[in-house]
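# Survey of secondary and tertiary structure
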There are 2 protein chains.
Amino acid sequence: RTQVSGVGDGVLSAFRSICGEEGVSLGEAVREQHGKDESVHRCRPPDVVVFPRCVEEVSALAKVCHKHRLPIIPFGTGTGLEGGVGAVKGGVCFSLRNMEQVLDLHPEDFDVTVEPGVTRKALNAYLRDTGLWFPVDPGADASLCGMAATSASGTNAVRYGTMRENVMNLEVVLADGSIVHTAGKGRRPSLLSLLLSLVSLLRKTSAGYNLTNLFVGSEGTLGIITKTTLRLYGIPEAMVSAVCSFPSVQAAVDSTVQTLQAGVPIARIEFLDDVMIDACNRFSSLSYPVTPTLFLEFHGSEQSLQEQVKTAEDITQSNGGSDFQWARDTETRNRLWKARHDAWYAALALRPGCKAYSTDVCVPLSRLPQIIVETKEDLIENRLTGPIAGHVGDGNFHCLMVVDPNNPEEMHRVHLFTERLARRALAMDGTCTGEHGVGLGKRALLCEEMGPVGIQVMRSLKDTLDPNNLMNPGKILQREEP
Amino acid sequence: RTQVSGVGDGVLSAFRSICGEEGVSLGEAVREQHGKDESVHRCRPPDVVVFPRCVEEVSALAKVCHKHRLPIIPFGTGTGLEGGVGAVKGGVCFSLRNMEQVLDLHPEDFDVTVEPGVTRKALNAYLRDTGLWFPVDPGADASLCGMAATSASGTNAVRYGTMRENVMNLEVVLADGSIVHTAGKGRRPSLLSLLLSLVSLLRKTSAGYNLTNLFVGSEGTLGIITKTTLRLYGIPEAMVSAVCSFPSVQAAVDSTVQTLQAGVPIARIEFLDDVMIDACNRFSSLSYPVTPTLFLEFHGSEQSLQEQVKTAEDITQSNGGSDFQWARDTETRNRLWKARHDAWYAALALRPGCKAYSTDVCVPLSRLPQIIVETKEDLIENRLTGPIAGHVGDGNFHCLMVVDPNNPEEMHRVHLFTERLARRALAMDGTCTGEHGVGLGKRALLCEEMGPVGIQVMRSLKDTLDPNNLMNPGKILQREEP
């Protein structure tokens, strides 16, 4: 075995005594795999990867790391986009894939608790016969605890919310190895509304500080999430999807705003610009008109579906939209959404050999047409390939930048473009990231967004919970090396 | 002028130079008024009351307090129920009633920013001609910033959420007088869905730690909220209310659960037990049958209303409920909900000369019938007057304890009862407070709910943001005197 920097033989044998020979890996390939995500951020392998099997092992391993001042990098599926699993200071990657139990399903209260190895698809497969599902869907088959850590979102958020609204409790191992339950152990404090098709399932309590939402979105920098209690939803009685083409970005976005303002409880409303729909057509063998396009999905009772669709169609047509192209049966609907979820690969296919980087900003809805139009102009002016797709129902959109990683000049242009895009969003009262998180890529922009006092408050929270800066160091907050 | 303990002449003149002669009050009556809430917690007057007119004055006053180590007690309307405004260690009450501007209304993005003197009724009066409203309604005409501080909720939460889901940004003056914007200055990061009648209006961002939700519910112990940016909703096209009587608690609660499970996006569903409905009948000159009762309200389009009502009626009748007694026009609806909101006074009227104390717990919905039945038995066994009313749609209910404050033996029995009730909720995976907060009254119960590590994390957050324990000391967390 190779000796690795910072992690001595004593530490390794302590690790092995906790999670077994097979629970500790030094192999080059394993380390590589656990140091890179699917983005352009370069791989930063950890010194060692450990594979704990339960929270007690996570806690014991964390205590060893704490004693020896070794960085800890929690790892779910590595599907994040902002470099969140890179081991920028080396250290120990905690791969949580062997903790894959679904625990404590309470169908009558619409909640379930999962370990960090459980992905969203695995949970929904587990739930198949219960009539329930977990709708938050960022595209990738991410681990649910990882989705909590990054405050993930996705195409269903307009109706079902993001992870922030769907996490009821977390079990977290802190930097010193102690175990905390953010809403108290075993608590599932009530759901606000439940429902087959609905609505705002909220965790209701006013007991003390909201620790759950402090850890949701903390990106592994405050602790390791080892369990998450989630709210579930009833599978809607009926679902139908449709595609609608528009003469302009403005027409598509206006339709979105008006549909929401009309109170249509739309489940998904996704915008694809002309470049994106062209890429999707090529990649997924589709033949939609190459113009700004909305993918829509409606959930509800048969009767409410009729009312929703009628209102939405009236609105899109008054904005010059095409007739709806329907996807009613499950297979056609799945094909439609697969095409949307494959947008990443469709964008990549535009320039073989290149890498993709998905930026992500979010603005108040009324500013959306302006920012998309300006951003498209910016892309053209700077000769960049960046098809646009977005969860426009909540003002959030992505540019899927396709870039040649061997062309530093182009990489630099992309970098400047994404900074301009984020600053454009900030200038419109928006945020530099709607769902991807800060990670490595957006730490400087977070400072601009929050201002110095806000950053100072965040830093003081980090210092309090992780005084030695061991938890996923270097992410979210920039800090001088000690 | 009287010299007061801890607040010397130098401090007073510093205060006067900041907010003027009239902005500083030492009068006995004023101090009394600012040291008591509407509950049984005894009045703890502050040494002095200041009336700042803007955030700069709040900041300057806080700096003086910080320098002289004087406790700060933020004061909105004093309508809280857990002793949150009592000056348990003396100090300076910051009455924020003179900061009463409604700022930055963005009707197109459904958001508004308010200063802490603006109450929910004042905001809704301001919005009257816009077609928008702010639905969170805890009963009292509380200040909106105070509602954010206590994470208030109320009868509409089942559809519109609590303050946690409706606060998008906060301006907060910290213990050292610095000013922080929890989501960055001026940011209104997107709404998830907007809508006339809907649904889950969520703040979407994954930029750094969620500071907003750290301050929502912090009850003045982490800082003084000087502005809150709220999401607004379109006034529904149609609203209708109804009353339905049931043969048993179980039948009423089962109807609630089934109505929610059927996906009816009900706006309010309030339970009143037989004792409560009897009290309301007497107080508000009504004549409802004296049995477990639901007050319901539906919001939506005319067509969706029909569907909602039909489903709800089918369900209540299958559970042995009476025919709906309708309140269709605004006046009748308002009379109905006034009767519900007057439950407090109706309970008080059961025993003239007594005081009321409203307890508040929350459990997973499936446990609600059991806890209510057990609680009623407990009340009878212990000869206590405690009509029950609750936001049953989210598993949250109150016992309005009516108690003779001059009878220490009865006060003690009430105290033991409320502890048993909270522990009963905790044993059912619930929480010791759904919406009233911890304040003074529930600090010991919070420890049981959270466990020692959770409390330690909360305490470390408090120590970080308020190292000298000046911000509303003694609330939420119990602590040894320094």
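To start, this report covers the structure provided alongside it. The residue count restarts for each chain, going from 1 along the sequence in the order it is written. To label them, take the chains in the order written and letter them from A, then take the ligands in the order written and number them from 1. A pLDDT threshold of at least 70 governs which residues receive local features in this predicted model, and a stricter bar of 80 or more applies before side-chain atom pairs are shown or counted, although totals over entire chains, interfaces and linings include all residues. Side-chain measures were taken over the full set of non-hydrogen atoms in the model, leaving aside hydrogen atoms and water.

### Examining the pattern of salt bridges
All names here are of chain A. Any Lys or Arg side-chain nitrogen located within 4 Å of an Asp or Glu carboxyl oxygen qualifies as a salt bridge. Scanning all chains against the criterion turns up 44 salt bridges over all chains. Among the salt bridges present, the one from arginine 423 reaches glutamate 448, with a minimum N-O distance of 2.5 Å. Taken together, the residues span a long stretch of sequence, with arginine 423 in helix H15 (residues 408-427) and glutamate 448 in helix H16 (residues 443-465) at a distance of 25 residues. On the accessibility criterion, glutamate 448 (37% relative accessible area) is partly exposed. A network of salt bridges, in which partner residues are shared, links Arg120, Asp137, Arg268, Glu297 and Arg333. Under the scheme used here, helices are H or I runs from DSSP no shorter than 4 residues and strands are E runs no shorter than 2 residues, and both carry numbers assigned from the N terminus. A simple rule labels every residue: compare its accessible area, found with a 1.4 Å probe on the protein chains alone, to the largest value its type can have, and call it buried under 20%, exposed over 50%, or partly exposed in between.

### Section: the relation of the copies chain A and chain B
Each copy is superposed on the other by least squares, with the fit set by C-alpha atoms of residues at a pLDDT of at least 70 in both. Of the transformation placing chain A onto chain B, the axial shift is 0.0 Å and the rotation is 180°, giving an RMSD of 0.0 Å. The relationship between the two copies is best expressed as a two-fold rotation axis. In this assembly the copies share their binding face: 100% of the residues contributing to the interface of chain A also contribute to that of chain B. Contact between two residues is taken to exist if any of their heavy atoms lie within 4.5 Å; hydrogens are not considered.

### Thoughts on the environment of Val88(A)
All names here are of chain A. Turning to its location among the elements, valine 88 is positioned in the loop between strand E3 (72-75) and strand E4 (92-95). Each C-alpha atom of the pair valine 88 and leucine 461 lies 21 Å from the other, and the pair is 373 residues apart in sequence. Valine 88 has contacts with Arg44, Leu440, Pro473, Gly474 and Lys475, leaving out every residue within four places of it along the chain.

### Describing the layout of surface pockets
Residues and elements named next belong to chain B. Using a grid of 1 Å spacing that covers the protein atoms alone, one calls a set of points a cavity when a 1.4 Å probe fits there but cannot get out, and a pocket when the set is open and has protein on both sides within 12 Å along at least five of seven lines; lining residues are those with an atom within 4 Å of a point. Grid points are joined across faces, edges and corners, and a volume is the space filled by probe spheres set on the points. Empty space within the second largest pocket amounts to approximately 1,100 Å³. Thr79, Gly80, Leu81, Pro138 and Ala140 are the residues nearest the centre of the second largest pocket, which is lined by 49 residues in total. Breaking the lining of the second largest pocket down by element, the ones donating at least two residues are strand E3 (72-75), helix H5 (144-150), strand E12 (224-231), helix H12 (330-341), helix H13 (343-349), strand E20 (388-391) and strand E21 (396-403). Residues are grouped as follows: nonpolar covers Ala, Val, Leu, Ile, Met, Phe, Trp, Tyr, Cys and Pro; charged covers Asp, Glu, Lys and Arg; every other residue, Gly included, is treated as polar. Split into classes, the residues belonging to the lining of the second largest pocket amount to 20 nonpolar, 21 polar and eight charged.

### Describing helix H9 (residues 249-261) of chain A
An α-helix turns once every 3.6 residues. As a result, residues three or four positions apart point the same way. Residue and element names in this part refer to chain A. Each residue after the first adds 1.5 Å to the expected span of a helix. Compared with the 18 Å implied by 1.5 Å per residue over 13 residues, the 18 Å span of H9 between its first and last C-alpha is a close match. Residues of H9 that are buried include every one of Val249, Ala251, Ala252, Val253, Ser255, Thr256, Val257, Thr259 and Leu260, and no others. Check the buried side of H9 and you find it contacts helix H6 (157-160), strand E15 (268-272), strand E16 (293-300), helix H11 (302-318) and helix H14 (368-381). Once H9 ends, the next one or two residues include glycine 263, with phi positive near 80°.

### Looking at the sheet that holds strand E6 (residues 111-114) of chain A
Backbone-to-backbone hydrogen bonds join strands into a sheet, with any given pair of strands oriented parallel or antiparallel. Residues and elements named next belong to chain A. Spatially, the five strands line up as an open sheet ordered E5-E6-E12-E8-E9, and their pairing is antiparallel. Looking at strand neighbours, the two that pair on one side only are strand E5 (102-106) and strand E9 (179-181), the edges of this open sheet. Ignoring which end each strand starts from, the neighbouring axes of this sheet average 10° apart. Strand pairing is assigned whenever DSSP detects at least two bridges linking the two strands. Bridge count for strand E8 (residues 167-173) against strand E12 (residues 224-231) is six bridges, and the pairing is antiparallel. What sits directly across from glutamate 171, in E12, is lysine 227. Angles run from 0 to 180 degrees between N-to-C directions of axes, and those axes are lines fitted to C-alpha atoms, restricted for helices to the stretch in contact. Sheet strands in contact with helix H3 (residues 55-68) are E8, E9 and E12, and its direction is about 45° off that of E8.

### Some thoughts on the interface of chain A and chain B
Contacts between the two partners involve 99 residues from chain A and, on the opposite side, 99 residues from chain B. Here's the idea: put two parts together, see how much 1.4 Å probe accessible area each one loses, and the total over both is what we call buried area. Regarding the contact of chain A and chain B, the summed buried area is about 7,500 Å², with carbon and sulfur atoms giving 59% of it. Here chain A is connected to chain B by zero salt bridges. Between N or O atoms, a polar contact is any pair within 3.5 Å; within protein, one atom must be a potential hydrogen donor and the other a potential acceptor, and residues adjacent in sequence are included only when both atoms are from side chains. Connecting chain A to chain B are 15 residue pairs in polar contact (both at pLDDT 80 or more). In terms of residue class, the side of chain A that touches chain B is built from 40 nonpolar, 41 polar and 18 charged.

### Thoughts on the packing of helix H9 (residues 249-261) of chain B against helix H11 (residues 302-318) of chain B
For any two helices packed against each other, the geometry comes down to the angle between their axes and how far apart the axes lie. All names here are of chain B. Their axes nearest at 9 Å, the elements H9 and H11 cross at an angle of 150°. In this structure, H9 crosses over H11, and the sense of that crossing is right-handed. Seen from H9, the contacting residues are Ser255, Gln258 and Thr259; seen from H11, they are Ala312, Ile315, Thr316 and Ser318. Considering only residue class, the contact of H9 with H11 consists of two nonpolar, five polar and no charged. For a crossing to be left-handed, the near helix must be turned anticlockwise from the far one by less than a right angle; the clockwise case is right-handed.

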